[in-house]
Structure formats: C-alpha cells, structure tokens
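The chain contents come next:
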Amino acid sequence: AQVSYELTMDDLHAFNRHYGAESGVVRSGRLKVRLAMTFFLAALLGALGWGAHAGMGFWVVGALILLAWYALFPRRIESMTRAFTERTYASGKNLGLLGPHTVELTEEGVVERTPVRELKVKWQAVERVASSGLHLFIWTSGFNALVVPRRAFASEDALKAFAAHAAMRIAK
C-alpha cells in the first residue's frame, strides 16, 4: 500500500495539536502551568484588593479576569505552539520536511520518501497508528510520527484500509 501527498505546515501544526492532546506528559504540564498561573493571578489580585480595601466591583472584575485567563489559556498555548513550530522550521534547511511525500507500507516496514530523502522504519520500531480525523499518524517513537493527511486518500474507506494494514503489521 502506498500514498502520495503534499505535506504542509498546517499538517505539522495538526500533528502538534494531536500530540499535545494525546500526550499525558504534555497535558499534565499544561494543566500545571494553567493552574499555577491562575493561582498566581488570584494571589496578586488578593494582595492588591486586600491592601486597597477594594469594593465589590474590584472583586467581580478580578474574578472575571481570572475566568477569562483560565478559559483563554488553551488558545494561547495553541498560538504559541504554532509560532514555535514555524520559527523552528525557519531556523534550518529542513529539506524534504514539507512538500511532496510518499508513504509506502512494505513487508519490512514503513518507507517515507521525498525528493531529497528516504526514511525506512522497520515494523518493530513502529509504536502505533492513530487518526485525528483529518490526519493519520504512524508513530515511530513516543514523540515522532509520519503524518499522512486525509486528503492523500481517495475515500474514507481507503484511509481506514491503509491504517488497518499498518496496524496489522504492528501487531505481528
């Protein structure tokens, strides 16, 4: 089985979102930062309000600021992650990372080809196959995956068959 497609920066962003949502380490770290910053802002608000003997309006506005911070934190993380990915990509040549890709499932493993590189991963090194709906991820380590966009397949059934073929090989 083989598919060809153009890998874009949006596909890399989709991988980062998927990784952030699936990784217990990342989710835990984000939750800790979110809670710590909320606590810090609450403590700062309390110190300012206590010292100023603030009225009810101060506390209502402060509570709304805390709620807004807590609610908007995931969007801020998404924005920061996108910017970091783009800066990281721009910092090197990264030849073959974006652009034309072909992924082939062979008897030995998975082969990813671009005009300037070829990556071969034996089946025993493939950890899992996952889908986000718009992308198929063939995980080659705990933090790296081959990203295959849904658009590479003629149909949903073709994507499912490709994923099932890979999953079957991993299980062997």
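Everything here concerns the structure above.
Bear in mind that the values here come from a model prediction, so they are computed numbers and not experimental data. (Residues numbered from 1 in each chain as written. Predicted model: local features only at pLDDT ≥ 70, side-chain atom pairs only at ≥ 80, totals over all residues. Heavy atoms only, no water.)

### Regarding the sheet that holds strand 3 (residues 109-113)
With antiparallel pairing, the four strands of this open sheet are ordered in space as 1-2-3-4. The open sheet has two edge strands with one neighbour each: strand 1 (2-7) and strand 4 (118-122). Between one strand axis and the next, the sheet turns by 15° as a mean value, whatever way the strands run. Pairing geometry for strand 2 (residues 99-105) and strand 3, over four bridges, is antiparallel. (Pairing = 2+ DSSP bridges. Helix = DSSP H or I, 4+ residues; strand = E, 2+ residues; numbered from the N terminus. Axes fitted to C-alpha atoms, helices over the stretch in contact; angles between N-to-C directions.)

### A word on the pattern of salt bridges
Under the defined criterion, the tally for this structure stands at nine salt bridges. Between Arg169 and Glu107 there is a salt bridge whose closest N-O contact spans 2.7 Å. With Arg169 in helix 4 (residues 156-171) and Glu107 in the loop between strand 2 and strand 3, the pair connects residues that are 62 residues apart, well separated along the chain. Sharing partners across several salt bridges, the network here consists of Glu104, Arg113, Glu118 and Lys120. (Salt bridge = Lys/Arg side-chain N within 4 Å of Asp/Glu carboxyl O.)

### Notes on the nonpolar core
Val3, Val103, Val110, Ile138, Val148, Phe153 and Phe162 are the most contacted members of the largest nonpolar core, which totals 27 residues. When residues of this core are traced back to their parent elements, those giving at least two are strand 1, helix 1 (9-22), strand 2, strand 6 (135-139), strand 7 (145-149) and helix 4. (Core = buried A, V, L, I, M, F, W, Y, C linked by side-chain atoms within 4.5 Å. Buried < 20%, exposed > 50% of the residue type's maximum accessible area, 1.4 Å probe, protein only.)

### Some points on the sheet that holds strand 5 (residues 128-131)
As summarised here, the arrangement of the three strands in space is 5-6-7, forming an open sheet in which the pairing is antiparallel. Each edge of the open sheet carries a strand with a single partner, namely strand 5 and strand 7. Along the sheet, successive strands turn relative to each other by an average axial angle of 20°, direction set aside. Examined bridge by bridge, strand 5 and strand 6 share four bridges and lie antiparallel to one another. Note on strand 6: the bridge partner recorded for Arg128 is Trp139. Lying on the sheet, helix 4 is in contact with strand 5 and strand 6; it crosses strand 5 at an angle near 155°. (Contact = heavy atoms within 4.5 Å.)

### Let's talk about a nonpolar patch on the surface
Residues Val33, Met37, Phe40, Leu44, Leu48, Met56, Phe58, Trp59, Val60, Leu64 and Leu67 make up a contiguous nonpolar surface patch of roughly 1,100 Å² in combined accessible area. Of all the elements in the fold, those that place two or more residues in the nonpolar patch are helix 2 (24-52) and helix 3 (56-90). Here the nonpolar patch gets six residues from one element, more than from any other, and that element is helix 3. Note on placement: Leu64 falls in helix 3. (Patch = residues over 30% accessible without salt bridge, like charges linked within 9 Å, V, L, I, M, F, W, Y side chains within 5 Å. Areas by Shrake-Rupley, 256 points an atom, 1.4 Å probe, with all protein chains shown as cover.)

### Some points on the pairing of strand 7
Among the five residues of strand 7, five are classified as buried, and the element is accordingly described as predominantly covered. Residues Ala145, Val147 and Pro149 of strand 7 are buried on one face, and the alternating residues Leu146 and Val148, pointing to the opposite face, are buried as well. Bridge count between strand 6 and strand 7: five bridges; the pairing is antiparallel. When the bridges of strand 7 are listed, Leu136 appears paired with Val148. Linking strand 6 back to strand 7 in an antiparallel pair, the connection comprises five residues.

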